[in-house]
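Below, each chain spelled out in residue letters.
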Amino acid sequence: MSAPAAAVDFTVLRANCAQQLDEQGYFAGAAWLRPLFQSVPREAFVPDGVWLEETDAHQRWIFLDRRQDTRAWANAVYAPHRPLITQLDDGRTPPTGPAAGDFTSSVSAPSVAVRMLRELNPHPACKVLEIGTGSGYNTALLAARCGPAHITSMEIDPQLADQARARLSQAGHHPAVIDGDGELGHPPGAPYDALISTASVYRIPPAWLHQLRPQGQLIAPLATPFGTDALLKLTADGSGGGTGRLVCALRFMRVRGQRRPEPWSTYGWPRLPGIAVAADGERQTITLTPETTSSVAPSGSRSVPPRRAVRSSKGD
Ligand SMILES: C[S@@+](CC[C@H](N)C(=O)[O-])C[C@H]1O[C@@H](n2cnc3c(N)ncnc32)[C@H](O)[C@@H]1O
């Protein structure tokens, strides 16, 4: 008779994941981040059935079911760079097996969640508005860092919001999870010290900057014409504007209201033929030259999300 499979030790998996992230520099300069990561049980926020961003022979997303193969599911939960897809087609495809469909919710990869938190650098008692609650995992990290009373998280899908509230409550966190369109922000809680979006945008919703206090921080994935999103970090000026920079490449699904993109030039991006490059011996200068005449829309401009991924590019 074969021995029963050893029970999965999530604490060990979490510690191993943290170790790998540490070795890859994800906690650099943020001593608070590794203990925070290790204090939140990611497995408590991942549904029993999830899809991977990999297809089977029939071009369906591979499905993992905790009840059928706990070890494979647990390993996926704690794979440092693996996002887990938790919803297809706004919930019209049931999470019961391999399936085709567009990604509409996910649990971000550990490396991406940590990278974004490191950039946000929220202090204890920092008042944060989060857009895109999803599973509630990132919300739990924020609540553990800042205190639940300081966190407001918005989710546009009411069923996902309900599930996240239940998971958060079971894990002992009670932040405000608001059903609603995060592009509008949440005026009752404004001004916020920081805003973090875990869904990407072509254009920063005006409410986000308006609802931040002066010097407040905004962290959001910004769609770019380069086949990836870029993590945008802005400091609000307190009157609806902000300045900052692009920090790193990653990929997220869009906020629902921005699934139908306009031509890149309307967002201020140059067309690729409009980017001037001067090669000068060893040195090269790249100049972004916006053009206003382009009618080229971002690829995949259709009614479904143009990007399937919530994945970070390697190394994020
Ligand atoms: C990548 S997932 C969020 C991942 C989440 N932080 C986690 O760790 O589980 C993006 C989420 O944003 C939500 N979303 C999309 N558009 C939204 C909007 N306008 N307002 C609020 N939530 C939105 C989606 O329903 C989805 O659950």
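Please read all numbers here as calculations on a predicted model, not as lab measurements. (Residues numbered from 1 in each chain as written. Predicted model: local features only at pLDDT ≥ 70, side-chain atom pairs only at ≥ 80, totals over all residues. Heavy atoms only, no water.)

In this structure, what is going on with the pattern of salt bridges? I would like to understand it.
Proximity of charged atoms lets side chains of opposite charge pair with each other. For the structure shown, the criterion picks out 16 salt bridges. Between E54 and R82 there is a salt bridge whose closest N-O contact spans 2.9 Å. Taken together, the positions of E54 in strand β1 (residues 49-55) and R82 in the loop between α3 (70-77) and β3 (84-88) put the pair 28 residues apart, joining distant regions of the chain. On the accessibility criterion, E54 (37% relative accessible area) is partly exposed. Given the relative accessible area of 25%, R82 is considered partly exposed. One salt-bridge network, held together by shared partners, links D90, D157, R256 and R259. (Salt bridge = Lys/Arg side-chain N within 4 Å of Asp/Glu carboxyl O. Helix = DSSP H or I, 4+ residues; strand = E, 2+ residues; numbered from the N terminus. Buried < 20%, exposed > 50% of the residue type's maximum accessible area, 1.4 Å probe, protein only.)

Please clarify how the nonpolar core should be interpreted in this entry.
A general feature of soluble globular proteins is that nonpolar side chains tend to end up buried together. L33, F37, W73, M116, V128 and Y137 are the most contacted members of the largest nonpolar core, which totals 53 residues. Leaving out residues up to four positions away in the same chain, V128 has contacts with L120, L142, C146, H150, I151, T152, Y192, A194 and I196. In this structure, I131, A220, V255 and W269 belong to the second largest nonpolar core, which totals 23 residues. (Core = buried A, V, L, I, M, F, W, Y, C linked by side-chain atoms within 4.5 Å. Contact = heavy atoms within 4.5 Å.)

What is the right way to read empty space enclosed by the protein from this model?
In this approach a probe as big as a water molecule rolls over the atoms, and the regions it shows empty are the leftover space. Considering all chains together, one arrives at one cavity of 30 Å³ or more under this definition. There is about 480 Å³ of room inside the largest cavity. Taken together, 38 residues form the lining of the largest cavity, with G132, T133, E155, T198 and A199 sitting closest to its centre. For the lining of the largest cavity, the secondary-structure elements that each account for two or more residues are β4 (103-107), α4 (110-120), β5 (128-131), α5 (137-146) and β6 (151-155). Among the elements that take part in the lining of the largest cavity, β4 stands out by supplying five residues, more than any other. Class assignment of the residues belonging to the lining of the largest cavity gives a composition of 16 nonpolar, 15 polar and seven charged. (1 Å grid on protein atoms, 1.4 Å probe; cavity = no way out; pocket = protein on both sides within 12 Å on 5 of 7 lines; lining within 4 Å. Points joined across faces, edges and corners; volume = space filled by probe spheres on them. Nonpolar A, V, L, I, M, F, W, Y, C, P; charged D, E, K, R; others polar.)

What should I look at first to understand unusual backbone geometry in this one?
With glycine set apart, most residues show a phi of negative sign, and most peptide bonds adopt trans. The linkage connecting A190 with the following residue, P191, adopts the cis geometry, with an omega of 0 degrees. Mapped onto the elements, P191 comes out in the loop between β7 (176-179) and β8 (192-197). A positive phi is found at D89, a non-glycine position, where the angle reads about 55 degrees. Here D89 shows up in the loop between β3 and β4. With phi around 50 degrees, N121 is a residue other than glycine that occupies positive phi space. Secondary-structure assignment places N121 in the loop between α4 and β5.

Can you walk me through the layout of surface pockets in this structure?
Taken as a whole, the largest pocket encloses approximately 330 Å³ of empty space. Around the largest pocket sit 19 residues that line it, and T86, P95, Q159, L160 and Q163 are the ones nearest its centre. For the lining of the largest pocket, the secondary structure elements donating two or more residues are β1, β3 and α6 (158-170). Here the lining of the largest pocket gets four residues from one element, more than from any other, and that element is α6. Of the residues that constitute the lining of the largest pocket, the class distribution is six nonpolar, eight polar and five charged.

Looking at this structure, I do not really get α6. What am I missing?
Residues lying three or four places apart along an α-helix face the same way, a consequence of the helix completing one turn every 3.6 residues. Counted at 1.5 Å a residue, the expected span for α6 with its 13 residues is 18 Å, and the 18 Å between its end C-alpha atoms agrees. When we look at burial in α6, the residues that qualify are L160, A161, A164, R167 and L168. Axial view of α6: buried residues confined to an arc of 130 degrees, hence all on one face. Turned more than 90 degrees away from the buried face of α6 sit Q159 and Q170, all of them exposed. Of the surrounding secondary structure, the elements contacted by the buried residues of α6 are β3, β4, α5, β6 and β7. (Expected span 1.5 Å × (residues − 1). Arc of directions from axis to C-beta.)

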